[in-house]
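Residues per chain, in single letters:
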Amino acid sequence: MLGRTIVPDPTLYGTAFAPITHDTFRYWKARSLEHLARLNDRVIEIQRIQQEFGYCALPEDDDPQPPYRPALLELSKTMHG
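Residues numbered from 1 in each chain as written. Predicted model: local features only at pLDDT ≥ 70, side-chain atom pairs only at ≥ 80, totals over all residues. Heavy atoms only, no water.

K.L.:
Before we go on, may I ask you to explain the pairing of strand S1 (residues 15-21) in this structure?
P.N.:
Side-chain positions along a regular strand alternate between the two faces of the sheet. Where S1 and strand S2 (residues 24-29) come together, six bridges link them in antiparallel fashion. When the sheet's bridge partners are listed, proline 19 is paired in S2 with phenylalanine 25. Counted between consecutive antiparallel strands, the loop separating S1 from S2 contains two residues. (Pairing = 2+ DSSP bridges. Helix = DSSP H or I, 4+ residues; strand = E, 2+ residues; numbered from the N terminus.)

K.L.:
Where do I start with the pattern of salt bridges in this structure?
P.N.:
If the charged atoms of two oppositely charged side chains come close together, the side chains can form a pair. Using the criterion set out here, one finds 10 salt bridges in the structure. The salt bridge involving arginine 38 is made with glutamate 34; its shortest N-O contact spans 2.8 Å. Of this pair, arginine 38 and glutamate 34 both sit in helix H1 (residues 33-53), four residues apart, roughly one helical turn. The structure contains a network of salt bridges with shared partners spanning Arg31, Glu34, Arg38, Asp62 and Asp63. (Salt bridge = Lys/Arg side-chain N within 4 Å of Asp/Glu carboxyl O.)

K.L.:
When you look at the packing of H1 against helix H2 (residues 68-80) in this model, what are you seeing that I'm missing?
P.N.:
Packed helices, taken two at a time, are described by the angle their axes make and the gap between the axes. At a closest axis distance of 10 Å, the pairing of H1 and H2 adopts a crossing angle of 50°. As far as their axial angle goes, H2 and H1 are oblique. The handedness of the crossing between H1 and H2 is right-handed. Residues Arg38, Asp41, Arg42, Glu45, Ile46, Ile49, Glu52 and Phe53 of H1 form the contact with H2, whose participating residues are Tyr68, Arg69, Leu72 and Leu73. Class assignment of the residues belonging to the contact of H1 with H2 gives a composition of six nonpolar, no polar and six charged. (Axes fitted to C-alpha atoms, helices over the stretch in contact; angles between N-to-C directions. Parallel < 35°, antiparallel > 145°, perpendicular 65-115°, else oblique. Left-handed = near helix turned anticlockwise from the far one by under 90°. Contact = heavy atoms within 4.5 Å. Nonpolar A, V, L, I, M, F, W, Y, C, P; charged D, E, K, R; others polar.)

Shown next, in the form of structure tokens:
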């Protein structure tokens, strides 16, 4: 199953994925198209922070609200030292 991730009980609206390693992902299930858009926007911000700083903590919550960056940076600072 190279390149595919199986999500248990997928939702109608899709799933947002954030890579942890080259073959491990954290995912959040969307409850609506609007929710999926917010999840995907947060994943994009996670990837930007990872590129900038080499690390970004992956949040546990599944209901992100913009702006995403301040919360992600705060979480990363708390968890990473």
